[in-house]
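Residue-level structure breakdown
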Amino acid sequence: MQDLATKFANLTIQSDFIFKKVMSRKRICKHLLEELLQIEIADIKYLEAEKTLEPEYTSRGIRLDIIVADDKNTHYNLEMQVKNNKNPDTDTYVLPKRSRYYQALLDIDLLQKGQPYDLLPPTFIIFICVFDLFEQGNYVYTFKKCCLKNRELELPDEATTMILNTKGTHGDISKDIKSFYDYVNNHIVTTDFTKQIDDEISYLKLDTKVRREFMLMEARLLDERREGKAEGIAEGEANANIATAKRMLAKGYYSLEVIAELTNLSLADVEKLKEEA
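Residues numbered from 1 in each chain as written. Predicted model: local features only at pLDDT ≥ 70, side-chain atom pairs only at ≥ 80, totals over all residues. Heavy atoms only, no water.

1. Quick notes on empty space enclosed by the protein
To keep things clear, this is the line we draw: Note on definitions: the grid is 1 Å and covers protein atoms alone; a cavity is a set of points where a 1.4 Å probe fits but cannot get out; a pocket is an open set with protein on both sides within 12 Å along at least five of seven lines; lining residues have an atom within 4 Å of a point. Grid points are joined across faces, edges and corners, and a volume is the space filled by probe spheres set on the points. Gly is put with the polar residues, along with every residue not named as nonpolar or charged; the nonpolar set is Ala, Val, Leu, Ile, Met, Phe, Trp, Tyr, Cys and Pro, and the charged set is Asp, Glu, Lys and Arg.
This structure, assessed with the given rule, holds one cavity of 30 Å³ or more. A volume near 30 Å³ is recorded for the largest cavity. Along its surface, the largest cavity is lined by Gln 81, Lys 83, Asn 84, Asn 85, Val 94, Leu 95, Arg 98 and Phe 131. Of the residues in the lining of the largest cavity, the class split is three nonpolar, three polar and two charged.

Printed below as a string of structure tokens:
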């Protein structure tokens, strides 16, 4: 328990647990979106933090960190990405097609049965990455569909994917977004905005309910690993991580990325285990 207490005390905004808690504070999430998109937002509402979307039992479910909608019904999905995972079988990074899948399932969830397609609201899928996926040095990479023959001709589907690079070196971003990047990277407070974030994290760490929530979550994950290891011993130590992954998949509430991280398996291996289940 002491190790868990130390781990909790050392959490930063790069942690999924802390990121979700901080972005659940309306004033912080709203200001981040305003500064990133350079727009004014009257208000936002939370549709559901860490929402699980799984339209069919045969489909792969996803767990989204933060989903909010503004006063104009534009929907935003915010995700923190610490690792640039690669599929060893294809030698390709998984984030691009992961963003495609997120967009597809989010659209399915937003459009009710029988509604016309034109009622789909504008959406932004936003990944906050602590790595440069494209190695171009940009602070922000923004993607929309356009015509290959005429790059200025855009498909008006109102779907945007933004991949933020906190390690970027050039581009046009606001002072508060740059300070947010510095805070994510090095825990440096340089503006009132990052001071608000830092104060919120300090407050969260003093909250006994939040601390208990984290401890219980970590204890549950530890139990899963121990039980999986015990099952794996019967077939050999090498299979312990696979056994743990299978147990976590059976529970249904762990993301594939979390399972891969905690079992030291590749994301591709975890995906195969899910397909075989």
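2. Let's talk about the nonpolar core
Quick reminder of the rule: Within this scheme, the nonpolar core is defined by two criteria: the residues are buried Ala, Val, Leu, Ile, Met, Phe, Trp, Tyr or Cys, and they are joined through side-chain atoms within 4.5 Å. Any residue under 20% of the maximum accessible area for its type is buried, any over 50% is exposed, and the rest in between are partly exposed; the area is computed with a 1.4 Å probe on protein chains only. Here, residues are in contact when the closest pair of their heavy atoms is within 4.5 Å.
With 51 residues, the main nonpolar core has Ile 13, Val 22, Met 23, Ile 126, Phe 180 and Ile 197 as its most contacted residues. Apart from residues no more than four positions distant in its own chain, Ile 13 is found in contact with Ile 18, Phe 19, Val 22, Met 80, Phe 180, Tyr 183, Val 184, Ile 197 and Ile 201. Formed by 13 residues, the second largest nonpolar core is a distinct cluster that contains Ala 245, Met 248, Leu 267 and Leu 273.

3. What to know about the confidence of the model for the protein
Where we set the bar: The pLDDT value tells you how sure the predictor is about a given residue, anywhere from 0 up to 100.
When pLDDT is averaged across the protein, the result is 85; 85% of the residues are at 70 or more. Across residues 49-62, confidence stays below pLDDT 50; counting only partners more than four residues off in sequence or on other chains, it has 38 contacts.

4. Comments concerning the pairing of strand S4 (residues 66-70)
Each regular strand shows side chains that alternate between the opposite faces of the sheet. Cut-off, in case you're wondering: Where helices and strands are cited, they refer to DSSP runs of H or I of at least four residues and of E of at least two residues respectively, numbered from the N terminus. A pair of strands counts as paired when DSSP detects no fewer than two bridges linking them.
Taken across its five residues, S4 has five buried, putting it largely inside the fold. Side chains Ile 66, Val 68 and Asp 70 of S4 all project onto a buried face; the interleaved residues Ile 67 and Ala 69 project onto the opposite face, where all are buried too. As paired strands, S4 and strand S5 (residues 75-81) are joined by four bridges and run antiparallel to one another. From the neighbouring strand, Val 68 faces S5, where its bridge partner is Tyr 76. In sequence, S4 turns back onto S5 through a hairpin of four residues, with Asn 73 there showing a positive phi of about 70°.

5. Here we look at the packing of helix H5 (residues 175-186) against helix H6 (residues 192-206)
Under the convention used in this document: Between N-to-C directions, angles cover 0 to 180 degrees, with each direction set by a line fitted to C-alpha atoms, over the stretch in contact for helices. Roughly parallel means an angle under 35 degrees; roughly antiparallel means over 145; roughly perpendicular covers 65 to 115; every other angle is labelled oblique.
The interhelical angle for the contact between H5 and H6, taken along N-to-C directions, is 40°, at an axis separation of 8 Å. Judged on the interaxial angle alone, H6 and H5 are oblique. Taken together, the residues of H6 that come into contact with H5 (itself represented by Asp 176, Ser 179, Phe 180 and Tyr 183) are Phe 193, Thr 194, Ile 197, Asp 198 and Ile 201. For the contact of H5 with H6, a count of residues per class yields five nonpolar, two polar and two charged.

6. Topic: unusual backbone geometry
Unusually for a residue other than glycine, Asp 91 sits at a positive phi of about 60°. For Asp 91, the position within the fold is in the loop between strand S6 (86-87) and strand S7 (92-93). By relative accessible area, which is 53% here, Asp 91 ends up exposed. The phi dihedral of His 187 is positive, around 60°, even though this residue is not glycine. Assessed through its relative accessible area of 44%, His 187 is described here as partly exposed.

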